[in-house]
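# Coordinate inspection notes
Take a look at the letters that make up each chain.
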Amino acid sequence: MPPENRKRSGLRTNRMQNGRNGLFPIFCAAVRASFAAFFEGPMRKKRRFRLLLRRRGAIILITATLILTLTVSIAMVYVRFALNEYRAVSVTGLREKSLQLAQSGLETGTLLLTRIPIDSLYDFGIFTFAPTIPLGGGMVTLSLSEESGKLNLNRLVRMFEDQTDEKHLEYFQRLSVALGIPADLWHAVVDYIDENNTPMPRGAERADYERLIPPRRIKNGRMQAIEELLFIPGFDARLLYDDLRSQDRIKNTSTASLSDLEKASLTPADYILANNITTYLVYNADTSTDLININSAPYHVILSLSEFMTPLAARKIVTERIKRNGRFKSIDELALIPELQISTSGTSTLYKEIVFRITKDNQIYKIVADASIDSQTAQVMGILDPNAKRLVFYSE
């Protein structure tokens, strides 16, 4: 080969080697980079988009779950509220219905006492046993009693004169002795009712009430219910509603030797002060009387009618009354009881002494109606003046 051709061939070879070792790799790298930049950009964007979608999907799922949970929780709250409202309405409806039944029972008692002859009611025994009447899908128990056989607290004061009624004060004092409580308790009751500000020896007037802790207001007027005694110094719930016998006396009281009639003449209820006193007066003062109804007087009230009244005589009156279906039809029947023929003062007898203090006529009635329907109960109480044929007191 000619030398010139060898040179040219060598130059070509060197150029190719230089191209492979120098610019060509750079060019290839640039091409690959261009291709990578062209194709890998969208791929990265796709991957980022997919990641973003996944994140957004997770957020949406979590949010939807929270919203669903919150909605269910709110719905449950409303369901519970609706159920509670339904139960409340149901209970209120039953309570109202039981109250209406009790009021119907009160009306029934009023009709019985004003339309049916009193002798028929005693013969039926309605004053002895409380009848239970099915009514309106429920049951009504009707209890009737006569109040003028009890000692009336309002009789302690002659209101028009604003003076103490000494005869009735003596009744209350003898009742206290029979029940074993202080006899001077009633001084504070007189001061509570009368309008003057002069205290009784063991009484309490306005200044005494103002010194109490907390202070109280004295009424200076007629009492509406025996519960007002709880506002008067010296009285409490135990004194008013508990059996006033001592535990030893209760344990030592034996009724084994007594007949059923004698047991019925004196019961534990007779030793409760609240069962011996009342505050209710008739509507019309012209028909009012301070005589004690011997047909409804408890044992201890009978015992308080006279200082000469003996426990044997008082119990005999009650037993004879029970034999007559609970009612003496005439006061003269008491004259046949030997225990009332004992001498008192001079030529007088116990019967002659009490005959002007008692009556056989009913003056005012207490009607208590207890109603029950399903699990709801209600009670109403009314005081009926049979002469005026109207209620003088009502409570529920």
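Described below are features of the structure shown in this document. It should be emphasised that the depicted structure is a prediction, and the values quoted were computed from it without experimental measurement.

This next bit is on the side chain of Ser306. Positionally, Ser306 belongs in the loop between α10 (299-303) and α11 (311-323). A distance of 3.0 Å separates a polar atom in the side chain of Ser306 from the backbone nitrogen of Phe308. In this structure Ser306 touches Arg174, Leu350, Glu353, Ile354 and Arg357, once residues within four positions along its chain are discounted.

With that out of the way, let us pick up α11. Since there are 3.6 residues in each turn of an α-helix, residues three or four apart along the chain are aligned in direction. Helix length check: α11, at 13 residues, gives a terminal C-alpha distance of 19 Å against a target of 18 Å (1.5 Å per residue), a fit within 8%. When we look at burial in α11, the residues that qualify are Ala313, Ala314, Ile317, Val318, Thr319, Glu320 and Arg321. Next to the buried residues of α11 lie α9 (260-265), α10 and α12 (350-354). Asn325 occupies a position one or two residues after α11 and carries a positive phi of about 60°.

Time to look at the sheet that holds strand β2 (residues 138-146). Read across the sheet, five strands follow the order β1-β2-β9-β10-β11 without closing on themselves; strand pairing throughout is antiparallel. The open sheet has two edge strands, β1 (132-135) and β11 (390-395), and neither has a second partner. Between one strand and the next, the sheet's axes are offset by a mean angle of 25°, whatever the strand orientation. Where β2 lies against strand β9 (residues 365-373), eight bridges are found, and the strand directions are antiparallel. Considered in β9, the bridge of Ser143 is made with Val368.

Moving on to the nonpolar core. By size, the foremost hydrophobic cluster in this structure holds 58 residues, and its most contacted members are Leu153, Val189, Leu273, Met309, Leu334 and Leu340. Top element by residues in this core is helix α5 (residues 186-193). It accounts for six residues. Excluding residues within four positions of it along the chain, Val189 makes contact with Leu153, Leu156, Met223, Leu229, Ile232 and Phe235.

Pairing between side chains of opposite charge can happen when the charged atoms of each approach one another. Within the structure shown, the criterion is met by 15 salt bridges. Between Glu170 and Arg174 there is a salt bridge whose closest N-O contact spans 4.0 Å. Taken as a pair, Glu170 and Arg174 lie in helix α4 (residues 166-179) at a separation of four residues, close to a single helical turn. We classify Glu170 as partly exposed; its relative accessible area is 39%. Glu353 is the salt-bridge partner of Arg357, the closest N and O atoms lying 3.8 Å from each other. Classification of Glu353 as buried rests on a relative accessible area of 17%.

Parameters and conventions
Residues numbered from 1 in each chain as written. Predicted model: local features only at pLDDT ≥ 70, side-chain atom pairs only at ≥ 80, totals over all residues. Heavy atoms only, no water. Helix = DSSP H or I, 4+ residues; strand = E, 2+ residues; numbered from the N terminus. Polar contact = N/O pair within 3.5 Å; in protein donor to acceptor, adjacent residues only side chain to side chain. Contact = heavy atoms within 4.5 Å. Expected span 1.5 Å × (residues − 1). Buried < 20%, exposed > 50% of the residue type's maximum accessible area, 1.4 Å probe, protein only. Pairing = 2+ DSSP bridges. Axes fitted to C-alpha atoms, helices over the stretch in contact; angles between N-to-C directions. Core = buried A, V, L, I, M, F, W, Y, C linked by side-chain atoms within 4.5 Å. Salt bridge = Lys/Arg side-chain N within 4 Å of Asp/Glu carboxyl O.

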